[in-house]
Amino acid sequence: MSLVSQATFSAIKPQLSRNALVLFPLFRRLQEEEQQLRTSSLPAIPNPFPELCSPASSPVLSPGSLPPGEPSSGKYIVKIFSEDGMGKVVEIPADMTARDLCQLLVYKSHCVDDNSWALVEHHPLLGLERCLEDHELVVQVQASMNSDSRFLFRKNYAKYEFFRNPLTFFPEHMVAWCQETNHTIPPSQLLQNFLATSSCPEIQGHLYMKDVGRKSWKKVYMFLRRSGLYCSTKGTSKEPRHLQLLADLEDSNIFTVITGRKQHGAPTDYAFCIKPNKGRGEMKELRMLCAEDEQSRTCWMTAFRLFKYGIVLYQNYKIPQQRKTLLSHFSAPVRSVSENSLVAMDFSGRIGRVIDNPVEAQSAAMEEGHAWRVRRNHELIPILCFLCVIHIAQLWFHGRITREESHRIIHQQGQVDGLFLLRVSQSNPKAFVLTLCHHQKIKHFQILPCEEDGQVFFSLDDGATKFTDLIQLVEFYQLNRGVLPCKLKHPCTVVAL
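Residues numbered from 1 in each chain as written. Predicted model: local features only at pLDDT ≥ 70, side-chain atom pairs only at ≥ 80, totals over all residues. Heavy atoms only, no water.

A. Expanded view of the overall build of the protein. A tally of helices and strands in the protein yields 13 helices and 19 strands. Burial analysis of the protein (497 residues in total) assigns 41% to the buried set. Considering only intrachain contacts with a sequence separation of at least 6, the fraction spanning at least 24 residues in the protein is 53%. If you sum the accessible surface of the protein, you get close to 29200 Å²; carbon and sulfur atoms cover 56% of it. (Helix = DSSP H or I, 4+ residues; strand = E, 2+ residues; numbered from the N terminus. Buried < 20%, exposed > 50% of the residue type's maximum accessible area, 1.4 Å probe, protein only. Contact = heavy atoms within 4.5 Å. Areas by Shrake-Rupley, 256 points an atom, 1.4 Å probe, with all protein chains shown as cover.)

Listed below in structure tokens is the structure:
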């Protein structure tokens, strides 16, 4: 650094002052731009005080305001909760769909990706929830949620089950087109009728409707069309002058009511509601409805989704199948080993040799079997202790849960045929219970221990079929129906994020 004399400094001081007046605003502007750039590059921070936000605001602070329907570029923070109440914060782009986020959570949680995971929009104060469609933008849905709402990550086996078994979801007495033709409609033609925009299918039937601002419910005849949900003001009349529009499908979403009887005084356990997208989430904005049984509720809710999204739902259903077909072309062929290619070996010496003599080979097999039985008797006790607890780590085992909790889990994960879980029996601590769903009804089968020759077995058919552990029992009934109404297909899974 060079030294400047006092005289020289006095001479250049006016020039430095003029330069400082010019450079200081420039420096200040550059500093402000750098600070703004640094702030915008920071990740979004969860709001620690959601109760101070307005009711319509999101509990997560994002880099900028996000009007519904217009996702901007950038990263956003989304918090996902699992069934056990634990949450996981994920940073996602604005254009990430619900399917992509589920794939990300499956990867991070080391789950089995069987294309049955779903993102659930949950409103605890209203007692409502719905599964997001795979193509929906997560950030856009979050912008329309209240501060108390949250996303849940869980299984939903029934998301596209209506494409596989449409007649189960759409009873003929509820589809107007089926009644007009007076004959059974093939499943493929029934789905084409719902997906084709040129057709005019219609769901009809009686529903309980809650009066807005009141606690009373009344039974009315309703019609669900592409244009919306209508109720008849005169019996079952379809005349336009007797139809009243209750909800528009385009600007609404359909939710399952999980606290129907307790919170809303519903006449049955099969309540659902239509909630506007741009509403503030108040009770007076909800169109509360209630069906007579689970099949009727499923029919109304599935038809609502088909009328609103149409062919997009079918595309969402086909994408995983196309991906599986594409990957199957690159899978390695499985090599089969024939018993004729196996030979007997003798490893008693330093070098193993092939036993060519059949008599010697049979003798060696008998000696090996006798040695195995002696070794098994010595190791039987620790093996039995291991078999008694080996099922604890299985995804389908839910421990000591109540009968009501098992019903809730089955309801949440789809109520499709073959959906099952195992739990400890409440009436007999030494027994277990298989909870199974068949034809949208939940049935329970007790698994009792039985002892034979000093060894404990498990059976659910009074000892006719015995198994050494619960894993063997589940694997058997996944391949054979036996005394059950259907095979075990889909295990109820609760994963921790």
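B. Layout of the nonpolar core. Ranked by size, the top nonpolar core spans 38 residues in total, and within it Phe163, Phe170, Ile203, Met222, Leu224 and Trp300 carry the most contacts. Here the element with the most residues in this core is helix α9 (residues 294-309); it accounts for eight residues. With residues up to four places along the chain from it excluded, the contact list for Phe163 reads Leu191, Leu195, Leu306, Leu313, Tyr314 and Tyr317. In this structure, Leu101, Trp117, Val141 and Phe153 belong to the second largest nonpolar core, which totals 23 residues. (Core = buried A, V, L, I, M, F, W, Y, C linked by side-chain atoms within 4.5 Å.)

C. Just the side chain of Thr97, in detail. Relative to the helices and strands, Thr97 resides in the loop between β2 (87-93) and α2 (98-109). Here Asp100 takes part through its side chain, which lies 3.0 Å from a polar atom of the side chain of Thr97. What Thr97 contacts, discounting residues up to four positions off in sequence, is Asp134, His135, Glu136, Leu137 and Val138. (Polar contact = N/O pair within 3.5 Å; in protein donor to acceptor, adjacent residues only side chain to side chain.)

D. Expanded view of the pattern of salt bridges. Inspection of the entire model under this criterion finds 17 salt bridges. The residue Glu121 makes a salt bridge to Arg130 at a minimum N-O spacing of 2.9 Å. Linking Glu452 and Lys466 is a salt bridge whose minimum nitrogen-to-oxygen distance equals 3.4 Å. Separated by 14 residues along the polypeptide, Glu452 in strand β17 (residues 441-452) and Lys466 in the loop between β18 (455-459) and α13 (470-479) bring together distant segments of the chain. Residue Glu452 is classed as partly exposed on the basis of its relative accessible area, which comes to 37%. Overlapping salt bridges bring together Glu83, Glu129 and Arg154 as one network. (Salt bridge = Lys/Arg side-chain N within 4 Å of Asp/Glu carboxyl O.)

E. Quick peek at the state of the cysteines. Per the stated rule, a full pass over the model turns up zero disulfides. Its sulfur unpaired, Cys437 is 7.9 Å from the next cysteine sulfur, which belongs to Cys486. (Disulfide = S-S within 2.5 Å.)

F. Structural context of the sheet that holds strand β1 (residues 75-81). If you walk across this open sheet you meet the 12 strands as β2-β1-β5-β3-β4-β10-β11-β12-β6-β7-β8-β9, and the pairing is mixed. Only two strands of the sheet have a single partner each, and these edge strands are β2 and β9 (243-247). Strand-to-strand twist in this sheet, taken as the mean axis angle between neighbours without regard to direction, amounts to 40°. Two strands pair when backbone bridges link them, and strand β10 (residues 252-257) and strand β11 (residues 271-276) are joined in this way by five bridges, in the antiparallel orientation. Its bridge partner being in β11, Ser252 is matched across the sheet by Pro276. Contacting β6 (203-210), β7 (217-225), β8 (228-232), β10 and β11, α9 runs over the sheet at an angle of about 160° to β10. (Pairing = 2+ DSSP bridges. Axes fitted to C-alpha atoms, helices over the stretch in contact; angles between N-to-C directions.)

G. Quick peek at the packing of aromatic side chains. Tallied over the full model, the rule gives 16 aromatic pairs. With a centroid separation of 6.0 Å and an interplanar angle of 50°, the aromatic rings of Tyr160 and Tyr317 are classed as tilted. On the criterion of sequence distance, the pair formed by Tyr160 in the loop between β5 (150-155) and α4 (161-164) and Tyr317 in helix α10 (residues 311-328) is long-range, its members being 157 residues apart. Tyr317 carries the same exposure label as Tyr160, and that label is buried. A connected cluster of aromatic rings, assembled from ring pairs, spans Tyr160, Phe162, Phe163, Phe169, Tyr314 and Tyr317. When the ring centre of Phe81 is taken as reference, the NZ or CZ atom of Arg150 above it lies at 3.8 Å. (Phe/Tyr/Trp six-rings, centres within 6.5 Å; stacked < 30°, edge-to-face > 60°. Lys NZ or Arg CZ within 6 Å of the ring centre and 35° of its normal.)

H. The arrangement of empty space enclosed by the protein in detail. Following the criterion strictly, the structure yields two cavities of 30 Å³ or more and no others. By volume, the largest cavity is sized at about 110 Å³. Contributing to the lining of the largest cavity are Arg99, Cys102, Gln103, Val106, Asp113, Asn115, Ser116, Trp117, Asp134, Lys159, Tyr160 and Pro320. Counting residues per element, the lining of the largest cavity draws most heavily on α2, at four residues. Classifying every residue of the lining of the largest cavity gives five nonpolar, three polar and four charged. Its boundaries defined by the atoms lining it, the second largest cavity holds a volume of some 30 Å³. (1 Å grid on protein atoms, 1.4 Å probe; cavity = no way out; pocket = protein on both sides within 12 Å on 5 of 7 lines; lining within 4 Å. Points joined across faces, edges and corners; volume = space filled by probe spheres on them. Nonpolar A, V, L, I, M, F, W, Y, C, P; charged D, E, K, R; others polar.)

I. Spatial organisation of helix α12 (residues 403-412). Those residues of α12 that fall on the buried side of the exposure criterion are Ser406, Ile409, Ile410 and Gln412. Taken end-on, α12 shows its buried residues confined to a sector of 165°, consistent with a single buried face. Where α12 is buried, its residues meet β4 (128-131), β5, β15 (419-424), β16 (432-438) and β17. Backbone geometry just after α12 places Gly414 at a positive phi near 125°. (Arc of directions from axis to C-beta.)

J. Focus on the sheet that holds strand β19 (residues 490-491). Taken in spatial order, the five strands make up an open sheet running β18-β17-β16-β15-β19, and their pairing is mixed. Looking along the sheet, the strands with just one partner apiece sit at the ends: β18 and β19. Where β17 meets β18, five bridges bridge the pair, whose relative direction is antiparallel. Bridged to Glu452 within β18 is Gln455. α12 rests against β15, β16 and β17 of the sheet, and its axis sits at about 155° to β15. Contacts from α13 reach β15, β16, β17 and β18, with the element oriented near 160° to β15.

K. Representation of the layout of surface pockets within the structure. When its volume is computed, the largest pocket comes out at roughly 1100 Å³. Surrounding the largest pocket, 42 residues form its lining, Thr256, Glu294, Arg297, Met301 and His411 being those nearest its centre. Residue assignment for the lining of the largest pocket shows that the elements contributing at least two residues are β4, β10, α8 (260-264), α9 and α12. No other element matches α9, which puts nine residues into the lining of the largest pocket. Classifying every residue of the lining of the largest pocket gives 14 nonpolar, 13 polar and 15 charged.

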